[in-house]
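# Working through the structure, step by step
Each chain is listed here by its residues.
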Amino acid sequence: MTTRAGFIALIGEPNAGKSTLTNFMVGAKVSIVTHKVQTTRARIRGVAMAGDSQLIFVDTPGLFKPRRRLDRAMVAAAWGGAADADVTVLLIEAHRGVTEGVERILEGLADLPQGRKIALAINKIDRVEAKTLLALTKDMNDRFPFAQTFLISAEKGYGIDDLRTWLAAEVPEGPWLYPEDQIADLPMRMIAAEITREKLTLRLHQELPYQLTVETENWEERKDGSARIDQIVYVARDGHKGIILGHKGETIKAISKASREELTEFLGRPIHLFLQVKVRENWLEEKERYSEMGLDFKDGNA
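### Details of the pattern of salt bridges
Note that side chains of opposite charge can pair when their charged atoms are close. Scanning the model with the defined rule gives 17 salt bridges in all. One salt bridge connects Glu13 with Arg96, and the closest N-O pair in it is separated by 3.6 Å. Taken together, the positions of Glu13 in the loop between strand E1 (4-12) and helix H1 (18-26) and Arg96 in the loop between strand E4 (87-93) and helix H3 (100-109) put the pair 83 residues apart, joining distant regions of the chain. Judged by relative accessible area, which is 13%, Glu13 ranks as buried. Residue Arg96 is classed as partly exposed on the basis of its relative accessible area, which comes to 41%. Between Lys199 and Glu198 there is a salt bridge; the shortest N-O distance is 3.3 Å. Classification of Lys199 by relative accessible area gives buried; the value is 13%. Salt bridges sharing common partners tie together Glu13, Glu93, Arg96 and Lys124.

Laid out in structure tokens, this is it:
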């Protein structure tokens, strides 16, 4: 049996469907999916098996025009993921076509190491007519020599089998890099923090989530098989703390309950979750916060 294994970077604008595609391929929820942009910060790797090939997905942050340190670190992480990968897949949204952001990404692709295989996946194909898809496929391939083009719906699963089969044949020959039953290489503490951050993002006002981060401060295994998880939600301003707590603590209770239920299901055992909200005005400038998110603080330098 000839085994293969390789890293696949999914790149694209925020909300292009990279996290949804990772989760569909892996068959488990390893990457945050919300309708809000910029929710993926760290390079989350999901591991999927396709025949004798092991596909390790690097789910990068969305590529966008960075404005502050956190943005710059996220964009650097995305391009770093693409540069390190064996295969890169650019995801674009069928109904949005070639946006300014997509044009910027196409320019960036030219700077990736020579000989790197780059495929195009046009996502959300159920939202447009066939002739629009054909025109978009031609336009994109005129702009860049993609190794292959796939028409998919990451949400519904259309076209994913073809993409998976192609990736399985393209990754290099070699031993598997992870145990067969491992789905993600993020530490569980970070996955737990991401799950809580997703609940916060879904529940709260649009502007707030990018001013907060969640850290798992303590993880205690108990004799009865359950675990106690203590997390801190860091916010930049006092007013944000009030929004997260809500009237009589109702908002934080609802968030805690939703996160606890998902963690219990994800880990397959009872979880006791305790959340605290702390104000740290300059957390966006603190090196430790970036390390917790799997980002490089130096990448945020202007």
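Let us keep going from here.
### Some remarks on the sheet that holds strand E7 (residues 212-221)
The strand order across the open sheet built from 3 strands is E7-E8-E9, with neighbouring strands paired in mixed fashion. Each of the sheet's edge strands pairs with one partner strand only, and the pair in question is E7 and strand E9 (271-279). Taking each pair of neighbouring strands and ignoring which way they run, the sheet shows an average axis angle of 20°. Contacts from helix H7 (residues 238-245) reach E7, strand E8 (227-235) and E9, with the element oriented near 150° to E9. Against the sheet, helix H8 (residues 250-267) contacts E7, E8 and E9, and its axis sits at roughly 140° relative to E9.

### Things to note about the packing of aromatic side chains
A complete count under the given rule lists 2 aromatic pairs for this structure. Where Phe144 meets Phe146, the ring centres are 5.0 Å apart and the plane angle is 55°; that geometry is what we call tilted. For Phe144, a relative accessible area of 12% gives the class buried. Relative accessible area serves as the criterion here: at 8%, Phe146 is assigned to the buried category. Geometrically, the ring pair formed by Phe150 and Trp166 is tilted, given 5.6 Å between the ring centres and 55° between the ring planes. With Phe150 in strand E6 (residues 149-151) and Trp166 in helix H5 (residues 160-170), this residue pair connects regions lying 16 residues apart in the sequence. Take Trp166: its relative accessible area is 12%, and that puts it in the buried class.

### Quick word on unusual backbone geometry
For Lys124, which is not glycine, the phi torsion reads 65° and is therefore positive. You can see Lys124 is positioned in the loop between strand E5 (117-123) and helix H4 (130-143). In this structure, Lys248 is a non-glycine residue whose phi angle is positive, near 55°. Within the secondary structure, Lys248 sits in the loop between H7 and H8.

### Details of the packing of H7 against H8
H8 packs onto H7 with a crossing angle of 65° between their chain directions and a minimal axis gap of 5 Å. In this structure, H7 contributes Ile243, Ile244 and Leu245 to the contact, and H8 contributes Glu250, Thr251 and Ile252.

### Quick look at the confidence of the model for the protein
The share of residues in the protein with pLDDT of 70 or more is 75%, and the mean pLDDT across the chain is 81. pLDDT under 50 marks residues 32-42. Its contacts with residues more than four places away, or in other chains, come to 56 contacts.

### Some points on the packing of H1 against H5
The N-to-C vectors of H1 and H5 enclose an angle of 75°; their axes lie 11 Å apart at closest approach. Judged on the interaxial angle alone, H5 and H1 are roughly perpendicular. Only Ile160, Leu163, Arg164 and Leu167 of H5 make contact with H1, whose side of the interface consists of Leu21, Phe24 and Met25. Partitioned by chemical class, the residues of the contact of H1 with H5 number 6 nonpolar, no polar and 1 charged.

### Focus on the pairing of E7
Sheet topology note: the E7/E8 ladder contains 9 bridges and is antiparallel. If you follow Glu221 over to E8, its bridge partner there is Ala227. Counting the residues between successive antiparallel strands, the hairpin from E7 to E8 contains 5 residues, one of them, Gly225, with a positive phi of roughly 95°.

Rules used in this analysis
- Residues numbered from 1 in each chain as written.
- Predicted model: local features only at pLDDT ≥ 70, side-chain atom pairs only at ≥ 80, totals over all residues.
- Heavy atoms only, no water.
- Salt bridge = Lys/Arg side-chain N within 4 Å of Asp/Glu carboxyl O.
- Helix = DSSP H or I, 4+ residues; strand = E, 2+ residues; numbered from the N terminus.
- Buried < 20%, exposed > 50% of the residue type's maximum accessible area, 1.4 Å probe, protein only.
- Pairing = 2+ DSSP bridges.
- Axes fitted to C-alpha atoms, helices over the stretch in contact; angles between N-to-C directions.
- Contact = heavy atoms within 4.5 Å.
- Phe/Tyr/Trp six-rings, centres within 6.5 Å; stacked < 30°, edge-to-face > 60°.
- pLDDT = per-residue confidence, 0-100.
- Parallel < 35°, antiparallel > 145°, perpendicular 65-115°, else oblique.
- Nonpolar A, V, L, I, M, F, W, Y, C, P; charged D, E, K, R; others polar.

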